[in-house]
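Residue strings, one per chain:
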Amino acid sequence: LELTGTNTNYTGNINLATGTTLTANSNIDSIFAGTMSGNGNFEKQGTNILTLTGNNTATGDFNHINGTVNLQSNWNGNYCQTANNTVLNLGTSARIAGNAEFSGIVNFTDTLEVGGNFTYKNTSDAFDLTGSKSVDAGGIFELANGTKMDFTIAPNKIKADTVNIEGEINVINASNIADGQINNVIVANTTPLNQSQLNGLFILSQKLLTSTEPFYSSDGKSMGITKYSQTAEQYTINKNFKNNQTQIAGLLDDFAPLQSTLYSLDTHEQLEELIRPLLVAEIAADAHNIPLHHPYFHVFNHLSTLPLNNFRNVNNSRSANFNGNFNGILRGQSPCSPINRQANTKREFWFEGYYRSEKIGGDSNALGYKTTHGGMMIGVDRVIGNRLTSGLVFGYGNPHIQHSVGRIEADDYTFGVYTRAKLSTVSEIYANAFLGYGNQHYELRQNFTNINTNTKYNGDSFYASLELYKSIRLRNKIILSPLIALDFQKARSDGFNVNVTGLPLSVGKNDLEQTVLRVGVNSSYKNLRTRLQYGYQVGGDLYSISRTSIIGNNNNNNRVLKSSNLGRNTLNLGFGGDFKIGKRTNLFADYDFDLGEHSQSHTGQFGLVFTF
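Conventions we followed
- Residues numbered from 1 in each chain as written.
- Predicted model: local features only at pLDDT ≥ 70, side-chain atom pairs only at ≥ 80, totals over all residues.
- Heavy atoms only, no water.
- Helix = DSSP H or I, 4+ residues; strand = E, 2+ residues; numbered from the N terminus.
- Buried < 20%, exposed > 50% of the residue type's maximum accessible area, 1.4 Å probe, protein only.
- Salt bridge = Lys/Arg side-chain N within 4 Å of Asp/Glu carboxyl O.
- Pairing = 2+ DSSP bridges.

S.K.: Tell me about unusual backbone geometry, and name the residues and values.
M.R.: Most of the time, phi is negative for any residue but glycine, and the peptide bond is trans. A positive phi is found at N240, a non-glycine position, where the angle reads about 60°. Note that N240 resides in the loop between α2 (232–238) and α3 (243–254). The exposure class assigned to N240 is exposed, which follows from its relative accessible area of 70%. Of note, the phi angle at T501 is positive, near 45°, even though the residue is not glycine.

S.K.: Describe the pattern of salt bridges, naming the residues involved and giving the relevant values.
M.R.: Under the criterion given, the structure shown has 21 salt bridges. R559 is paired through a salt bridge with E233; the nearest N and O atoms lie 2.8 Å apart. In this pair, R559 sits in strand β41 (residues 559–562) while E233 sits in helix α2, placing the two residues 326 residues apart along the sequence. Per residue, the accessibility class of R559 equals that of E233, and both read buried. Among the ionic pairs, E409 bridges to R407, the shortest N-O distance being 3.7 Å. Exposure remark for E409: the relative accessible area of 16% places this residue in the buried category.

S.K.: With reference to specific residues and values, describe the sheet that holds strand β2 (residues 9–10).
M.R.: The sheet built from 6 strands is open, its strands ordered β2-β5-β8-β10-β12-β15 with parallel pairing. Since the sheet does not close on itself, it has two edges, and those belong to β2 and β15 (105–107), each with one partner. For strand β5 (residues 30–32) and strand β8 (residues 49–52), the ladder comprises 3 bridges, and the chain directions are parallel. Bridge pairing in β8 places I31 opposite T51.

Spelled out as C-alpha cells, the structure:
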C-alpha cells in the first residue's frame, strides 16, 4: 500500500496487518491526519515533507529512508530508524515506544523519550542536546564512534539503563553556568558509568577560562559536573602576565560584547593575541619618554666647546672655566673644555646635530621597545660683563618608538633660555642654568590594522636644570671639573581615541615628572675631553601611566597601563674633542654610552661654534 500522487492531505484511519508495509512515496509536501494501527510497518520514501498528526498505535517498524517527517504524535512501534540525509522533527508530545536509531538529523524541543535503546549514528551533523533538551531512554543510550554531540550542562540531560558515549562532546555556553556542582547530569539506572570514557570527553571540552570536571555518585551510576570559571584578568594574574596585559584583560572582561569570545578561547596564546593589539595604549605611556631628551644637555655642551686658543687665566689662577652636563634618562653628556673669551668676542652662533639609538628592556609592567632620535639645536648668546653669558636656543627632534604592536613618532620642538655665571674669581666656581619649554606632535601607527589611518595627538614638556662645577688645572695640563647638578623635567600629553581591531579605545591625559641629582667629574687634555657621571632620581615618577578604557563599556572602567620602569640609577661614559677650522669657528664631536637599570643607549653629536 502506498501514499502517492498529487494529494497534499490524507485522511482516514489505516490498519496495518502483520507483514504489510505502508509506503509514503511522494515528492509533494503533504499531511496525513489519520491514524495507523495494527502490527504492520510504515516506510517514508520520497523527497517531500510528510506531516503525521494522528495518534498512531501501530506496533510495527518506522523506516525513514528519504525526505523529512514531522511526527507530531507518538510512534508506538518496536523500531524507529532514520537514514542519512533525512530530517525527523518530533513534536512536543512525541514519544518513541521502542528502539530508535538515528543516522539523519533529529530535532526536538524538550525531552526525547525512547522506550528502548537510543542510538545516534549521524557522523555529519552533531546531535543537539543543548538548552532544555534531554534524552530519557529505557534501554541503552549510545553516541556512536565518529559522531558529535553539542551539550549544555544541566541536571538529567541523559537518563538510560546503560550509557555508552564513543563520540565527541562539545560543551556549549559553559560560561553562562554558575560556578559550583551540578548533580545528576548523566544517570545510568542499571550499569555503572564508564568513568574513564566520560572523564576524557569532558576534560577535552574545557576552555581556557572555564573548567568542567566530572564527579560521580558512590555507586558510579550518576555523573555530575563541577563548574569553575575565572575572568581573563584573574587568569593573567595567575599566569604572571605583565601588568599591562592584565589591565587590558580586565577591560575585555568588562566589555559585554566580548564575553562569548573570551570564554571560547582554548589556549594561552589565543588570549595573548586578543590582548596584544590593545597594547597601543602602552606605547602612549612609553612615548612620554620622548620629550625627556634634556635639551639643556645640548646647551651646556655648547658652553664648553669654544675655541681652545681663547683661554686666558683670571686673577692668575691656574684653574680654567669648564662645565659639564648629564642627561638622567637618555645619555649623560658632559664635555669639558676652556671657555673664556677674548675681549672682542661678545656673541656666538652655534649649531649641533645629534642621533641616539636606545634599547629599553621589558619589565613586569610592559614589553620592551627601541627608540631612535635624530635632531638638531640652534642657539645664539652674548657675553654680559665679565662673569655672565646668556642666550636663546631652538631645537627640533624627530624621535621614533618601535614597539611590537605599533610605532609612535613625533615632531618635537624646544625653546629655551640659558645662562652661565662665574660665582668666584678666586676658586673658579661656575654655574650653568637652563629653563625651557617643549611642544610635541605625536602620530601613532598600529601594526594590526589594514586601515591607512593614523592617530594624532599633542603634548608639551617643561625643563629646568642648575649645575655647579669647579675647574682644577693639574701640572700635567689635565683639567678636572667635579660637578653637582639638579635636573627637572615634566612631560604631558593629551588624550585621544583610537579604533583597535574594531574596539574603540580611549586613552586619557597623562604626565611624567622626574627630578634627578647628578654628580660626576669631567676631564680634558688639550683638544680632548672625557666624562664620567652618575645620576640618581630623587623625585617624580619611575614610569609613565596611560589611563585607558573601551568606549561604550557598560562598567566604564579605566585601567592604568604603565611604561617600562627605567629605574632610578644611570651611568654615563663619554668622550669627544674640539677642532679649530678658522679664526672664529670650531667644530666639535662627541660620543656617549649610557647605561640604566633597564636601558642602554648610544649617542653621537657633531656641531660648530662661530664667534662674532
